[in-house]
Structure formats: C-alpha cells, structure tokens
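# Architecture at a glance
As a plain string of letters, each chain reads:
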Amino acid sequence: MESIINYFETIPSSHRSLILVGGITFFWLIEYAMPLFKFNYKKFKHAWPNIFFTLTTIIINFVLAFILLKTSDWTVANQFGVLQWLALPLWVTIILGIALLDLIGAWLAHYVQHIVKPLWMFHLIHHTDNHVDTTTANRHHPGESVIRFLFTTLAVFIVGAPIGIIMLYQSLSVVLSQFNHANISLPKKVDDMISWIIVSPDMHKVHHHYVLPYTDTNYGNIFSIWDRIFGTFAKIRNEDLIYGVDTYPDVDSNANVGKLLKLPFSGYRAPTGAKFESEKS
Ligand SMILES: [Zn+2]
C-alpha cells in the first residue's frame, strides 16, 4: 500500500500519459473482439473529435495542476479535511479518499452539470456522441474540463487528500471512465455483479440514452454506490439504447470539432423526447 502511494506521489507525466493511451488502446482492441453494438461507422474517423477533446482536457489539467498541488499541500500542512481529521489506517484512508474524491470531483460535478443549464450547455458536447465507445470517455468541451477541475479542487480541499491519493484517484478515474464508455459486451451476470461496486459498461450506457429521464441517471464514474444512495440509479435494456441527445440529432454536426466548440454559446434547447433515426445498424 505504502509503495503504491509513494509511486503515485511522484508519478512522472510520461507514466500518466501511458496509462491514458494504454487504456484507450486496451479497450479499443477489446471493442473489436466483443462489441456491444456493431456500429456502422469508421472507428478512426469517429475517434478524431474525441481525441481532440481528450487533448484539450489534458492540456487544461496540466496547466492548472499546480492549483491542485498547492491545495493538497495546504490541507496536509494545516491538517484540514476529512482524511486529516480522521487519521485512519493507510488502506482505509486510501479507499475512503478515492471514494470521496469520486463523489465530489466526479458524481457531484456531473450531477450539477445536468441541473444547471449554462453548465449543461458545456457538458452537452459529451452527450452528443452518437456512437459511444472508449474514446467518448474524455470528450469534454474545454469549458467542462475547467468546471470539472474546479470540482476536483473543491474535493481535494474537503477531503484533505495528499497528492499520492489524488494521483492514484485520477489514474483510476481515467481508466474506469474508458472502461464504462467502451463499446464492449460483458456477460450480463458479470456486468450486473460488478455494478454493485463499480460503474459497469451497461450501467453507464443508460446515461447516454438520448432522452430523459434516462439521461439524468447513473452519474457515477468509479463507484456505483453514489447513484444507489442518491436515488439516481436506473436500468434499461441494451437493445433499447439510442445514443445521443434528443435536442441535437444531427450526427454530422456532432462530429464537427468547430461546431462542438461553439455549441455552449448557441442557446439552450428544451428536451423534446422526439425520436430520431439511430446510426446503429
Ligand atoms: Zn452526463
């Protein structure tokens, strides 16, 4: 345990990049082997806007990283925050730390972006993907990347998380997000079983169904417990899934980086619930 934390305390940027690229490559290959849907799409062409938004997310997090570091150092130096007050054994501190960072930095950040309309306009870009796969994980408008960074900073402040736990959390968060967005089909029983602890692929896909109320469920990223506690857990049959958002059905626009960058400033559209043709074949 201690050696894991020591490693993440000083994890080089190259290793963090390797985790991100390695994760996408790993799940990309599994998507060929056992796809959930046989999309009628060009995999590389589809990946381009998502990789663009993954790069902007990396740059924003890299530029702002010093704020996280300063916040973490301050909480440890001043013994401020949940983990600092409790002083639990190391393994409990690590699990509780990751769980609380997941709650505030991911679940709450995600929930608020669905509730507050101006924030939804940024998060919308993530939902406009009509072919959800592992590359969708970090399809975040730069505005959303900043919003999520602010929530992560708030989480570090409240949790009193040392930098080793933050880096471990962020690495897990990236890989788990790639996993639960991946277009893969696990045996139903396995998916159901793991969804009692972590967010499984079938669980997160419900969130990408094109219409309410499903879009406003299953906000979790690492742990599924938060949706179960806060009553936002939902299920839908995989065969009924249609990816995207009812208000933005144009598949070509949803793959256009320029249009997606401008989308948050184009005015809010109320949900319609109207059906549109899925690109699924
Ligand atoms: Zn969402």
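Residues numbered from 1 in each chain as written. Predicted model: local features only at pLDDT ≥ 70, side-chain atom pairs only at ≥ 80, totals over all residues.

Following the UniProt record, one finds the feature "domain: Fatty acid hydroxylase" (unreviewed entry) at residues 98–232. In residues 98–232, the share of helix is 63% and the share of strand is 0%. The end C-alpha atoms are 20 Å apart. (UniProt positions renumbered as here; feature names shortened; annotations may be inferred. Helix = DSSP H or I, 4+ residues; strand = E, 2+ residues; numbered from the N terminus.)

If you check UniProt for "transmembrane region" (unreviewed entry), the listed places come out as residues 18–39, 51–69, 89–112 and 149–169 in our numbering. This span, residues 18–39, is 73% helix and 0% strand, and a straight line between its end C-alpha atoms measures 28 Å. For residues 51–69, helix accounts for 100% and strand for 0%, while the C-alpha atoms at its two ends are 26 Å apart.

Our focus in this paragraph is unusual backbone geometry. Residues L212 and P213 are joined by a peptide bond in cis, for which omega reads 5 degrees. Along the chain, P213 turns up in the loop between α10 (201–207) and α11 (225–229). Positioned with a positive phi, Q79 is a non-glycine residue whose angle comes to about 50 degrees. Relative to the helices and strands, Q79 is located in the loop between α3 (43–77) and α4 (82–86). Of note in the backbone geometry, A87 takes a positive phi value of approximately 45 degrees without being a glycine. Tracing the backbone through its elements, the reader meets A87 in the loop between α4 and α5 (90–115). You can call A87 exposed: it has 8 C-beta atoms within 10 Å. (Buried ≥ 20, exposed ≤ 12 C-beta atoms within 10 Å, placed from the backbone.)

This paragraph deals with the nonpolar core. One finds I98, L101, V159, A161, I165 and I166 to be the most contacted residues of the largest nonpolar core, which totals 45 residues. When residues of this core are traced back to their parent elements, those giving at least two are α2 (13–33), α5, α6 (117–127), α7 (142–159), α8 (163–181) and α10. Ranked by the residues each element gives to this core, the list is headed by α5, at eight residues. Those residues in contact with I165 that sit more than four places away from it in its chain are I5, I94, G97 and I98. (Core = buried A, V, L, I, M, F, W, Y, C linked by C-beta atoms within 7 Å. Contact = placed C-beta atoms within 7 Å.)

Where α5 contacts α8, the axes come no closer than 10 Å and their chain directions differ by 60 degrees. Considered as vectors, α5 and α8 are oriented oblique to each other. By crossing handedness, the relation of α5 to α8 is classed as right-handed. The segment α5 lies against α8, with I94, G97, I98, L101 and A106 engaging I165, I166, L168, Y169, L172 and S173. Classifying every residue of the contact of α5 with α8 by side-chain character gives nine nonpolar, two polar and no charged. (Axes fitted to C-alpha atoms, helices over the stretch in contact; angles between N-to-C directions. Parallel < 35°, antiparallel > 145°, perpendicular 65-115°, else oblique. Left-handed = near helix turned anticlockwise from the far one by under 90°. Nonpolar A, V, L, I, M, F, W, Y, C, P; charged D, E, K, R; others polar.)

With that settled, consider the environment of T135. With respect to the helices, strands and loops of the structure, T135 is situated in the loop between α6 and α7. The class of T135 is buried, set by 27 C-beta atoms lying within 10 Å. Taking the C-alpha atoms as reference points, T135 and F179, 44 residues apart in sequence, are found 9.9 Å from one another. Once residues lying within four places of it in the same chain are set aside, the contact partners of T135 are I24, A47, N50 and I51.

Residues that lie three or four places apart on an α-helix share one face, since the helix turns once every 3.6 residues. Across its 18 residues, α7 extends 25 Å between first and last C-alpha, which sits within 8% of the 26 Å expected from 1.5 Å per residue. All buried positions along α7 are accounted for by G143, E144, S145, I147, R148, F149, T152, A155, V156 and V159. Where α7 is buried, its residues touch α3, α4, α5, α6 and α8. Residue G160 follows α7 closely and has a positive phi angle near 65 degrees. (Expected span 1.5 Å × (residues − 1).)

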